[in-house]
Amino acid sequence: MRELDTNMGDRMNCAGSSFDDLVFFVNGKKVVETNADPEMTLLTYLRRTLGLPGTKLGCAEGGCGACTVMLSKYQPHAQKLLHYAVNACLAPICSLHLVSVTTVEGIGSVARQLHPVQERIAKGHGSQCGFCTPGIVMSMYALLRNNPTPKMADVEEAFQGNLCRCTGYRPILEAYKTLTVESGCCGGKGRENGCCMTNGKAEEKETDVDLAPRLFNAADFAPLDPTQEVIFPPELMSLSKTQKTCSLHFRSDRAVWLQPANLEEFLDLKFKHPDARVVVGNTEVGIEVKFKNMLYPVILAPAFIPELHRVTHTYEGIVFGAACTLTQVGEVLKEAVEALPPYMTQVFIAVLEQLRWFAGQQIRNVAAVGGNIMTASPISDLNPVFMAASCKLTLMDKDSSRVVQMDDTFFVGYRRTMLRPQEILLSIEIPYSRKFVSAFKQSPRREDDISIVTAAMSVTFTPGTCVVEDLRLSYGGMAPTTVLAKNTANKLLGRCWGEKLLEEACSSLAEELTLDPSVPGGMVIYRRTLTLSLFYKFYLTVLQKLGGQGLNVEEVRSNFLSATEIYHQEPPSSVQIYQEVPQTQHPDDVVGRPVMHLSALKQATGEAVYCDDMPLFENEVYLALITSSKAHARILSIDESAAECSPGFICCVFAADIPGSNTTGIMHDETVLADGQVTCVGHIIGAVVADTQLHAQRAAKAIRIQYEELQPIITIQEAIAAKSFYQPIRTLQKGDLEAGFKQADHILEGEMHIGGQEHFYLETNVTVAVPRGEDDEIELFVSTQAPSETQSLVAMALGIPANRVVVHVKRMGGGFGGKESRTTLLSTVVSVAAHKLRRPVRCMLDRDEDMLITGGRHPFYAKYKVGFLKSGKVVALDVSYYSNTGNSRDLSLSVMERALSHMENSYSIANVHGRGFLCRTNLPSNTAFRGFGGPQGMMFAENWITDVAQSLGRPADEVRRINLYQRGELTPFNQVLEQYTLDLCWDECLSRSRYRQSRAAVELYNRQNRWTKRGLAIVPTKFGISFTAVFLNQAGALVHIYTDGSVLLTHGGTEMGQGLHTKMVQVASRVLGVPCSKIHISETSTQTVPNTSPTAASASSDLNGAAVKNACQLLNERLEPYKSKNPKGSWEDWVKAAYLDRVNLSANGFYKTPDLGYDFETNSGRLFNYFSYGVACSEVEVDCLTGAHKNLSTTIVMDVGVSLNPAIDIGQVEGAFMQGVGLFTLEELHYSPEGVLLSRGPGSYKIPAFGDIPRKLTVSLLRDGAHDKAIFASKAVGEPPLFLASSVFFAIKDAISAARAESGIAGPFRLDSPASAERIRNACNDRFTKLCPVADPGIFRPWSVQV
Ligand SMILES: Cc1cc2nc3c(=O)[nH]c(=O)nc-3n(C[C@H](O)[C@H](O)[C@H](O)COP(=O)(O)OP(=O)(O)OC[C@H]3O[C@@H](n4cnc5c(N)ncnc54)[C@H](O)[C@@H]3O)c2cc1C
Ligand code: FES
Ligand code: FES
């Protein structure tokens, strides 16, 4: 990069001005931007400049899809309209000249008319917090614009680039299935085979008589009518047809965007500005600018250059212009594969296989093939194929062009190619080929993920033989560049394709493709093993094909064949079973009915307002945090000078600016702003306030801090070694442990580690603080689960009474415990800045900051000793838990108490002793996360019970059943299990999952397949409901009835997508006897209901529901005389009469859970109000060679009592389950040994995606379970089902056991959580793993450590 060329401004465009107007259309309206900033993204422009906040910011790196919009272009040469979904967060506005943008606001609204894609996701219960919803709506909309009758596979493909953290995806797919050709019901619009609603066949679809009605009725949906879609703006059409393509020129004070009109001009400009960045899709450059702080003063956009977009079919292959998008490449290759004989298209098929798993649709729609090559990433997915296939590249500069073959000379170093600075890549030729070619990609998650190892291999044989003539083995992820394993390939030339060749290939590859044990990305053994395993897959595939050609080669054994199969999944299917309300229930009484989330429609149209969607306040400024880059250090100096000079800078805020107390945190052991010392990377040191977000962030990055480093403690093991624990060390003990072990026939010891988890709420933390100008009053708009805690800590920091602070929460884009206590980190700092400046201050954390600062689920490590009888009955358990608590105590003691109180999960053990150590480390403080320690506590239980079964050689389900609690038994904390339903859940789950048949089928499958194995597990859960801190078990409500009969309901709980407000309206509706439509909840605020507990612990419906009921009952009592006087009157009549009679139509409700109060010291008192129970059975298939797995099926039976709303409850079950799937099988936080979080966004931290849901998912809400402890006999549901996802983990472990048995290994083995592809592969010991031994741990510094 160079300084901006000062002559640039003098360059004239063809209109004769020095820079151009950018013309594009948004939702049909023309936008003319006279000052287009080359660095501004479409997302910022939509939200800030055009005031269209429906499109959301979830990550800014193309990884979540929340920002999806549709672009449409007219292509004059083809006379065609092109519609495609893109990520607005990566699309530079300058790339939009003569483009039409459609956002979620443009396709429908609640007030106007809903579009079917908006209506269906909402009514299909596919929107919980709703933050992902606009993006998902737009992905579906773009799909339908191109293909009004998609297949389910098309829908799944369209969603590869979208994430949702709440729903578990099933309801979204189910809702949109109604728009596919596979749909059971067309919603009345008719299909070729006739409409079920008119031909009377509707009932024939229901085969299972046991099924309750569906959670939605597709017949209610408005049909999709493609002729009614928003039209392409006519003015844009004529502009596109008539405007001569001429060069464009946009500039800001930092960068210039040049869009030349033709190739000649492009090459001239590249000659003049050799450091100019060529930008096509901006999917790589955009990330560099945003996250790597890169500045590219000159950007060259070849959007208008036909040569770079051309596709030419030649005798040798297909030539793609370097700017052809990946979608376009895929379409052309697919057509060629269909049209040409198979022997010509092997390379094409390999490219298509890589494209299948390349990013998501939004990225593929804009990312260019040339961009992938030129980025020269060592984990590029296409470069290995291009190399293995010897593709040809045409390079060009102003004066000449050259054609080079893509081989190992093309990449000259990490992200560097042989191109000269003035050269550009013009095109790539992908050849027809007679070779055998295969491509492989192994990533942590299958969809939209970057590779761990990616490879392509090609071989040709001397005609008529199996003698190798040419072999190319190309790997990504094994070196700083894509590499060819040349030594191995050379050794194998002239050799016959057979077992000996395989052996030599593997030992040679193991030697040739080594990795330093400290290599970035880690997973050294796994990556090395993969190089061999993938070659083995190729070997078998080729062997099979050679056999098919009649050549004399070894036959591939039938049980090896599954290793050659290309990955495919069945389309998802699901069943939801719930108990209908009794027929006697009044039709107006909505309790127990599957009422849609009350905000769902607004969420689907983008009209629902989240904190950062609020328009800017007058005089508002923006804040960016300054955080520590060291885990443990003394701050020596802070230099603000560079920040002070940066544009828009207003002020810095440091500890000295805090007017009140700098002490903060739930346990008052944290600082608002670090004072002299930092104790974790991400510790907030200060903040910069500037006029805009961008300016604040740039200024914050300019602050220089000098540290004196101190020894940090990062991992649990380091904390144990240093005895670095917070006090107290909790214990829970019952029975006589010594006697228990004496009684035992066997004693077994083990250990396990469970990794942490990032909340990954789609909406990051955000606060807007508005000083009110008098008496120190300040109003805060916060995305928090804990308004009262926020109020009290802000008041403390500002040194003012709590009555001057009002906290408002409208809704959150997800919380999951992450916004319970840690939101105050941000809201206190923002308040201090607002107080200092007397101006409104806003800050929404970027995803990487949010992940860095706010902590997550505690990693846990446990050591256990179990004593058991020959029968499998466990009689003694001694367990020590260690949690990685981080740099403050926060809620960690309560989390540990919950882990301990769930240490036996659902098993009755006479003698137990559990200890809980809170490891004090230099990581950001870990905190509440759905399940709150329960899942970790229970996970170890399921692990030792699996060990017991394995050591006895008995089926795990039998050992579990033997140990399962009986009705009325006592827990280790001496609580009687009343109204016990776990046995009912267990039996129903066994029968619904057809467990016995499935077990037999799994065993048969495993006998028939060596390299893929299936596993099955059934796991129970018992989850205690109540806050363990007794005082939190209270709630308030405030209900106003206005004279028109409308009701304003307020309660202490916050809405984060879990449907709490919907349930509360249902409760109020029943008690008051008025329809839901008369009741409104506006927000949660500290000025309506004070001193509220955080919305957490799954107890909010119980607590707030009872408080709402109480308030409504009071109002009923006051209205009663008027109802009696006028029994035939209407609600409005009674309300009016009461008002005129001077009756108070506002009531406070209150509730506290009775009979609670447990003491850990004495092990006495009641810890929980009641227990929620559930059981899940899961089946998986593991690819033993790669460690990848498929979730084949899951059956869940959950006791939610008498459901208040089965649609919401099933949504909670499925959402929690999928979050658990992430916890136990996928999500990994990587920390460096120095305590730096390395995974800070969706690119490196993978939550489950659409493709991860079990292909068959059955959720049944237990019928007729006795329960009377919570509102209307319902039960808590938010957290309890999460642990059921461990059934997937143990099914994986079951499958691994089957693989290990093939290598003669039996008995218990350690598998830490999550069961990532790496862990699965490493546990499947076989001939390939043996070739890649583990490096001696003492001799290197690993890239990441298990914290
Ligand atoms: C969410 C996400 C997921 C991704 N997933 C994958 C994946 O699964 N597999 C994978 O391999 N990659 C992946 N990528 C990386 C990236 O999308 C690809 O590398 C993409 O092909 C880049 O194309 P682009 O047009 O967006 O490049 P740009 O960002 O526009 O440019 C990239 C680089 O190429 C140079 N360049 C582009 N064209 C030329 C040319 N004609 N001549 C000279 N230089 C040129 C640019 O100067 C720049 O340095 C992903 C990226 C994101 C953001
Ligand atoms: S915000 Fe654009 S993909 Fe996440
Ligand atoms: S509803 Fe999808 S992220 Fe909340």
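The present account deals with the structure reproduced in this document. (Residues numbered from 1 in each chain as written. Chains lettered and ligands numbered in written order. Predicted model: local features only at pLDDT ≥ 70, side-chain atom pairs only at ≥ 80, totals over all residues. Heavy atoms only, no water.)

**Looking at the overall build of the protein chain**
For clarity, the cut-off: In this text, helices come from DSSP runs of H or I with a minimum length of four residues, and strands from runs of E with a minimum of two, each type numbered from the N-terminal end. Based on C-alpha atoms, the radius of gyration is set beside the globule rule, defined as 2.2 Å times the residue count to the power 0.38. A 1.4 Å probe rolled over the protein chains alone gives each residue an accessible area, and that area as a share of the maximum for its type sets the label: buried under 20%, exposed over 50%, partly exposed in between.
Secondary structure assignment for the protein chain yields 39 helices and 49 strands. Over its C-alpha trace the protein chain gives a radius of gyration of 31 Å, about what one expects of a compact globule, namely 34 Å for 1347 residues. The principal-axis extents of the C-alpha atoms in the protein chain amount to approximately 95 × 80 × 80 Å. Within the protein chain, the proportion of its 1347 residues that are buried is 64%.

**Details of the pattern of salt bridges**
Inclusion rule: Salt bridge, as used here, is a side-chain nitrogen of Lys or Arg placed within 4 Å of a carboxyl oxygen of Asp or Glu.
Following the criterion strictly, the structure yields 66 salt bridges and no others. Here R889 makes a salt bridge to D669, at a shortest N to O gap of 3.5 Å. Separated by 220 residues along the polypeptide, R889 in the loop between β37 (874–886) and α28 (892–901) and D669 in the loop between β25 (663–664) and β26 (670–671) bring together distant segments of the chain. According to the relative accessible area criterion, D669 is partly exposed, its value standing at 28%.

**Re the environment of G106**
Condition: Whether two residues are in contact is decided by their heavy atoms, any of which lying within 4.5 Å being enough.
Locating G106 in the fold gives a position in helix α2 (residues 104–107). On the basis of relative accessibility, which here comes to 14%, the residue G106 falls in the buried class. A C-alpha to C-alpha distance of 9.7 Å links G106 and G54, two positions 52 residues apart in sequence. Excluding its chain neighbours within four sequence positions, the residues that come into contact with G106 are N27, R112 and V230.

**Section: the pairing of strand β11 (residues 317–321)**
Worth spelling out the cut-off: Any two strands between which DSSP finds at least two bridges are classified as paired.
Within β11, five of the five residues are buried, which leaves the element mostly enclosed by the surrounding structure. Sheet topology note: the strand β10 (residues 311–313)/β11 ladder contains three bridges and is antiparallel. Within β11, the position partnered with H313 by the bridge is I318. Turn length for the β10-β11 hairpin, with the two strands adjacent in sequence and antiparallel, is three residues.

**Regarding unusual backbone geometry**
With an omega of 0 degrees, the peptide bond running from Q727 to P728 counts as cis. Here P728 is to be found in strand β30 (residues 725–734). Note that the residue after S1313, namely P1314, is joined by a cis bond; omega there is 5 degrees. Along the chain, P1314 turns up in the loop between α37 (1286–1302) and α38 (1317–1323). A positive phi angle, close to 50 degrees, is found at A359, a residue other than glycine. Mapped onto the secondary structure, A359 falls in the loop between α13 (346–356) and α14 (361–364). A359 sits in the buried class, given a relative accessible area of 13%.

**Topic: the site of ligand 1**
The cut-off we apply is this: For each residue, the test is whether any non-hydrogen atom lies within 4 Å of the molecule or strand; if one does, the residue is near. By the criterion applied in these results, polar contacts are pairs of N or O atoms within 3.5 Å in which, for protein atoms, one can donate a hydrogen and the other can accept it, and in which residues neighboring in sequence qualify only through two side-chain atoms. Every accessible area reported is derived by Shrake-Rupley at a probe size of 1.4 Å, with residue values counting cover from the shown protein chains alone. Here the term charged refers only to Asp, Glu, Lys and Arg, the term nonpolar to Ala, Val, Leu, Ile, Met, Phe, Trp, Tyr, Cys and Pro, and the term polar to all other amino acids, Gly among them.
Taken together, 30 residues lie around ligand 1, and V278, V280, G281, T283 and D381 are the ones closest in. Backbone polar atom of N282 to an oxygen atom of ligand 1: 3.0 Å apart, as the coordinates give it. Within the contact set of ligand 1, an oxygen atom lies 2.9 Å away from a backbone nitrogen or oxygen of E284. For ligand 1, the accessible surface in isolation is 980 Å², of which the surrounding protein chains cover 92%. Only β8 (277–278), α15 (369–375) and β16 (424–431) provide two or more residues apiece to the shell around ligand 1. Among the elements that line the shell around ligand 1, the one with the most residues is α15, at four residues. Partitioning the shell around ligand 1 into residue classes produces 15 nonpolar, eight polar and seven charged.

**Section: the sheet that holds strand β32 (residues 766–771)**
Using the following cut-off: Here the axes come from fitting lines to C-alpha atoms, over the contacting stretch only for helices, and the angles between their N-to-C directions go from 0 to 180 degrees.
Judged by pairing direction, the sheet is mixed, and its eight strands sit side by side in the order β24-β28-β22-β35-β32-β33-β34-β43 without closing on themselves. What marks the edges here is a single partner per strand, and that holds for β24 (649–653) and β43 (1084–1085). Packing of helix α25 (residues 787–798) onto the sheet brings it into contact with β33 (778–782), β34 (805–809) and β43, and relative to β34 it is tilted by some 145 degrees.

**Comments concerning empty space enclosed by the protein**
Rolled over the atoms, a probe as big as a water molecule pinpoints where empty space is left. Our working definition: Residues are called lining when one of their atoms sits within 4 Å of a cavity or pocket point, these points coming from a 1 Å grid over the protein atoms alone, where a cavity is a set in which a 1.4 Å probe fits but cannot get out and a pocket is an open set with protein on both sides within 12 Å along at least five of seven lines. Grid points are joined across faces, edges and corners, and a volume is the space filled by probe spheres set on the points.
As enumerated under the stated definition, the model contains twelve cavities of 30 Å³ or more in all. There is about 420 Å³ of room inside the largest cavity. Lining the largest cavity are 31 residues, and of these M1056, Q1058, S1098, Q1212 and G1278 sit closest to its centre. Contributions of two or more residues to the lining of the largest cavity are made by α33 (1060–1072) and α34 (1100–1125). Sort the elements by how many residues they give to the lining of the largest cavity and α34 lands first, with three residues. Looking at the lining of the largest cavity residue by residue, the classes come out as twelve nonpolar, 13 polar and six charged.

**What to know about the sheet that holds strand β49 (residues 1256–1261)**
Within the open sheet, the five strands sit side by side as β21-β49-β48-β47-β39. Their pairing is mixed. Each having just a single partner strand, β21 (573–577) and β39 (1012–1025) make up the two edges of the open sheet. Direction aside, neighbouring strands of the sheet carry axes that sit 10 degrees apart on average. The pairing of β21 with β49 spans five bridges and is parallel. Residue S573 lies in a different strand from β49, and its bridge partner there is K1256.

**A closer look at the packing of aromatic side chains**
Operational definition: Two aromatic rings, drawn from Phe, Tyr or Trp (for Trp, its six-membered ring), form a pair once their centres lie within 6.5 Å of each other, and the interplanar angle then sorts them: stacked below 30 degrees, edge-to-face above 60, tilted otherwise. Cation placement over rings: the criterion is NZ of Lys or CZ of Arg within 6 Å of the ring centroid and within 35° of the ring normal.
Tallying each qualifying case throughout the model produces 38 aromatic pairs. Ring centres of Y882 and F917 lie 4.7 Å apart, and the angle between their planes is 10 degrees; this geometry places the pair in the stacked category. Of this pair, Y882 sits in strand β37 while F917 sits in strand β38 (residues 911–920), and the two are 35 residues apart along the sequence. Note on Y882: relative accessible area 7%, which makes it buried. By relative accessible area, F917 is classed as buried at 13%. In textbook terms, an aromatic cluster arises when at least three aromatic residues are bridged by ring pairs, as seen for F436, F461, W497, F535, Y536, F538, Y539, F560, W1011 and F1328. It is R446 that lies over the ring of Y567; its NZ or CZ is 3.7 Å from the centre. The ring of F929 is capped by R857, whose NZ or CZ atom sits 4.2 Å from the centre of that ring.

**As for the nonpolar core**
Side chains of nonpolar character tend, in soluble globular proteins, to be buried together. Filter applied, for reference: Take the buried Ala, Val, Leu, Ile, Met, Phe, Trp, Tyr and Cys residues and link them wherever side-chain atoms come within 4.5 Å; each set so joined is a nonpolar core.
Counting 282 residues, the largest nonpolar core has Y176, Y475, W497, F535, L623, Y881 and W944 as its most contacted members. Broken down by element, the residue count for this core peaks at 14 residues, all from helix α19 (residues 524–548). Aside from chain neighbours lying at most four places away, what touches Y176 is V117, R120, I121, I136, V137, M140, V155 and F159. Membership of the second largest hydrophobic core comes to 93 residues, among which are L43, V298, M406 and L419.

**Side note on the packing of helix α30 (residues 956–963) against helix α31 (residues 982–992)**
Let me state the cut-off plainly: Convention used here: angles under 35 degrees read as roughly parallel, angles over 145 as roughly antiparallel, angles from 65 to 115 as roughly perpendicular, and any remaining angle as oblique. When the near helix sits turned anticlockwise from the far one by under a right angle, the crossing is termed left-handed; a clockwise turn instead gives a right-handed crossing.
Look at α30 against α31: their axes get within 12 Å of each other, and the N-to-C directions meet at 160 degrees. Considered as vectors, α30 and α31 are oriented roughly antiparallel to each other. Crossing geometry of α30 relative to α31 is assigned as left-handed. Every residue of α31 that contacts α30 at D957, R960 and R961 is listed here: D983, W986 and D987. Looking at the contact of α30 with α31 residue by residue, the class counts come to one nonpolar, no polar and five charged.

**Looking at the environment of A1295**
With respect to the helices, strands and loops of the structure, A1295 is situated in helix α37. A residue is classified by how much of its surface remains accessible, and A1295, at 0% relative accessible area, is buried. Considering only alpha carbons, one finds A1295 and I1320, 25 residues apart in sequence, at a separation of 9.5 Å. The residues contacting A1295, other than those within four sequence positions of it, are K1013, R1014, G1015 and V1182.

**Points about the pairing of strand β35 (residues 841–844)**
Of the two faces of β35, the one lined by V841 and C843 and the one lined by R842 and M844 are each fully buried. When strand β22 (residues 621–627) meets β35, the two strands line up parallel, connected through two bridges. Across the sheet, the residue bridging to V621 is V841, located in β35. In terms of strand pairing, β32 meets β35 through four bridges, oriented antiparallel. Along β35, the bridge assignment pairs V768 with R842.

Honestly, that's just the spatial picture; any functional story needs more than this.
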